[in-house]
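Below are the chains, spelled out letter by letter.
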Amino acid sequence: MADDASPRTPPQQYTQKTSGGNNAYHNFHNDFVHIQDPNERRRLALAEIDKAPFGWYHVRACVVAGIGFFTDSYDIFAVSLLNTMLGIVYYPGVGSLPGPSDNAIKLSTSAGTVVGQLVFGYLADHVGRKRMYGLELIIIIFATLGQALSSGSPSVNIIGLIIFWRVLLGVGIGGDYPLSSIITSEFATTRWRGAMMGAVFAMQGIGQLVCAFVMLFVTLGFREALLASPGVKECEGYCAIAVDKMWRTLIGFGAVPACIALYYRLTIPETPRYTFDIGRDVEKAADDVKAYISGKREGNPDDITRIQAREAAQTQMTIPKASWSDFCRHYAIPKNGLLLFGTAASWFLLDVAFYGLSLNNALILEVIGYSTKGATSTYQVLYNTAIGNLIIVLAGAVPGYWVSVATLDTLGRKTIQMGGFIILTILFIVMGFAYYSISSNALLAIYVLAQFFFNFGPNMTTFIVPGEVFPTRYRSTSHGISAASGKIGSIIGQGAISTLRTRGATEANPNPWMDHVLEIYALFMFLGIFTTFLIPETKRKTLEELSGEDPPSSLPAAEGSNGKTTESL
């Protein structure tokens, strides 16, 4: 009996109060310093994070994560503008890239993104969110600068270099998806978790907007040189040099926000949930919460008490340890396996059709008066392209993002996703079956509505839900799998389905199968309705409730609204 009692002595040594804490920066550590059981201490500490009032530290978390998505979106959106200018500079007399080269550059980023989502998703669960966060931005900065400084030679084609750097860029962009999602969700208060994660993702719209503005500004800056050329096929000499400088400036600017956010990403603390559930470092988790809220880099607990607490937690914590066998066992349970399938399949189906909407950009630009057809100078071509893209982004994308942010925690994620898929199915059916009978203005209206309901719909929710419903030990891996499924869908949508539109093409009708392609996308949207049934509603529920990680309460006094157990779920 004496031997059994001896291990219980150390916890009395590490339950010591720490200094610090005031009305602005609450000392969560001291609230639970008297709790001996690490499971109960974890539950009560995480409950305090979930119930914390919305504060500036939540805003800071959203901004730091959001800048990454701003950069991701900027770099992805810039590719169509990049290809336009590469065609002018490197294919004189033609003025545009060959079709295979154009598609290869666009798909290269998505291919790299799949790799980044899977690799960073796994590593964030394996070695920690903190250790991986910031590394993806370093890759993005490095690849962006390499891309902006690329130049062809007799032995190296410029297109090959751009593809190489964009694959690497995609790896960094892919890493940002699971990391930003789960870090935001694990630091968020339950009441506003949807709005916080939505605000991070909504920075994609701002990134697209800024990219269009940068394109407009560089076009205005080189106006004189561009006006000297009567068209993109005749853009040579001074005009070609100007366009070459323009695309390098456009791409290089994408590294600026990433550099600003890099320091803050490298200095965030590890998320308390990771430190509790995977690191089993009870003392460090409690101190990191206090440090995060007070604006410090990380907690600094006493080493001896930290080791003692960690040893006790290794044997007393009821949360399973992550392992390959546990991963297989967890997802072999039908409920868990169907949940992962639901998030991955919904994202896959969305992205197949999401990229189909861009097929109509040329028609939409013509309707709003910014078509490049009939342009009398290279300046007019690039100016109309910049203004047209600016209007397209503002038409439906940006409003859709922020309406989602405002309603995610009231309407709920599942309601928004279901409604979005239903409305998009109807819109794509109308576009497909009535493509040759509706007017251009009607097509513009449908386009704006589709843009709006993509972002006030599944484009937003497929990012948020995977960051909430999975257990901490597999949250990042599962989010990475779901996100990678989406990017595989986008590759299929762009590389396989969209190319069908040129089937049977003639000079008079270059896209005879456009209506059938839109009908195919309508089918994918329809299937998304059924995969939505596989995901739960997550609004106003804690991450532990959603994943079934709540341990049984050991203190009767703590039972109540926060005393839910796995069985009660």
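Residues numbered from 1 in each chain as written. Predicted model: local features only at pLDDT ≥ 70, side-chain atom pairs only at ≥ 80, totals over all residues. Heavy atoms only, no water.

(A) Expanded view of the overall build of the protein. The secondary structure content of the protein amounts to 26 helices and zero strands. Long-range pairs, those at least 24 residues apart, make up 81% of the contacts in the protein with a sequence separation of at least 6. For the protein, the accessible area works out to roughly 22600 Å², and carbon and sulfur atoms hold 64% of it. (Helix = DSSP H or I, 4+ residues; strand = E, 2+ residues; numbered from the N terminus. Contact = heavy atoms within 4.5 Å. Areas by Shrake-Rupley, 256 points an atom, 1.4 Å probe, with all protein chains shown as cover.)

(B) Representation of the state of the cysteines within the structure. Considering all chains together, one arrives at one disulfide under this definition. Here C235 connects covalently by a disulfide to C239, the sulfurs 2.0 Å from one another. Looking down the S-S bond of the C235 and C239 bridge, the torsion is -100°, so its handedness is left-handed. Accessibility expressed as a relative area gives 3% for C239, which makes it buried. (Disulfide = S-S within 2.5 Å. Buried < 20%, exposed > 50% of the residue type's maximum accessible area, 1.4 Å probe, protein only.)

(C) Quick peek at the pattern of salt bridges. Under the counting rule described, the total for this entry stands at 14 salt bridges. The partner of R193 in a salt bridge is E468, with the nearest N and O atoms 2.7 Å apart. With R193 in helix α10 (residues 193–221) and E468 in the loop between α23 (458–464) and α24 (475–497), the pair connects residues that are 275 residues apart, well separated along the chain. Pair check on accessibility: R193 and E468 agree, each one buried. With its nearest N and O atoms 3.4 Å apart, the salt bridge here joins R329 to D326. Linking R329 with D326, this pair stays in helix α17 (residues 324–332), spanning three residues, or about one helical turn. We classify R329 as exposed; its relative accessible area is 53%. (Salt bridge = Lys/Arg side-chain N within 4 Å of Asp/Glu carboxyl O.)

(D) Main features of the nonpolar core. Core analysis: the biggest nonpolar cluster contains 73 residues, and Y177, F428, F454, M460 and Y521 have the highest contact counts within it. Those residues in contact with Y177 that lie beyond four places of it in its chain are F69, Q117, F201, Q204, W347, F463, H479, A483 and K487. Counting 40 residues, the second-largest nonpolar core is a separate cluster that includes Y74, A148, L216 and I251. (Core = buried A, V, L, I, M, F, W, Y, C linked by side-chain atoms within 4.5 Å.)

(E) Geometry of a nonpolar patch on the surface. A contiguous nonpolar patch, built from L523, F526, L527, F530 and F533 and spanning about 500 Å² of accessible area, is present on the exposed surface. In this structure, F526 sits in helix α25 (residues 514–532). (Patch = residues over 30% accessible without salt bridge, like charges linked within 9 Å, V, L, I, M, F, W, Y side chains within 5 Å.)

(F) Molecular detail of the packing of helix α18 (residues 334–354) against α24. α24 packs onto α18 with a crossing angle of 25° between their chain directions and a minimal axis gap of 7 Å. Here α18 is positioned roughly parallel relative to α24, judged by the angle of their axes. Crossing angle aside, the handedness with which α18 passes α24 is right-handed. Within the contact of α18 with α24, the residues separate by chemical class into ten nonpolar, nine polar and two charged. (Axes fitted to C-alpha atoms, helices over the stretch in contact; angles between N-to-C directions. Parallel < 35°, antiparallel > 145°, perpendicular 65-115°, else oblique. Left-handed = near helix turned anticlockwise from the far one by under 90°. Nonpolar A, V, L, I, M, F, W, Y, C, P; charged D, E, K, R; others polar.)

(G) Representation of α25. When the terminal C-alpha atoms of α25 are compared, their 28 Å separation across 19 residues agrees well with the 27 Å that a helix rising 1.5 Å per residue should span. For α25, the set of buried residues is M514, D515, V517, L518, Y521, A522, F524, M525, G528, I529, T531 and T532. In this fold, the buried residues of α25 make contact with α18, α21 (413–433), α22 (440–455) and α24. (Expected span 1.5 Å × (residues − 1).)

(H) Just helix α9 (residues 158–187), in detail. Counted at 1.5 Å a residue, the expected span for α9 with its 30 residues is 44 Å, and the 43 Å between its end C-alpha atoms agrees. For α9, the buried fraction is high: 24 of the 30 residues fall into the buried class. Where α9 begins, the capping side chain belongs to N157, and its oxygen is found 2.7 Å from the backbone nitrogen of I159. (Polar contact = N/O pair within 3.5 Å; in protein donor to acceptor, adjacent residues only side chain to side chain.)

(I) Expanded view of the packing of α10 against helix α12 (residues 238–252). Here α10 crosses α12 at 150°, and the two axes come no closer than 10 Å. Classified by the interaxial angle, the pair formed by α10 and α12 is roughly antiparallel. In this structure, α10 meets α12 at a crossing whose hand is right-handed. Residues C211, V214, M215, V218 and T219 of α10 form the contact with α12, whose participating residues are M246, T249 and L250. Each residue belonging to the contact of α10 with α12 can be placed in one class, and the counts come to six nonpolar, two polar and no charged.

None of this, on its own, says anything about what the molecule does.
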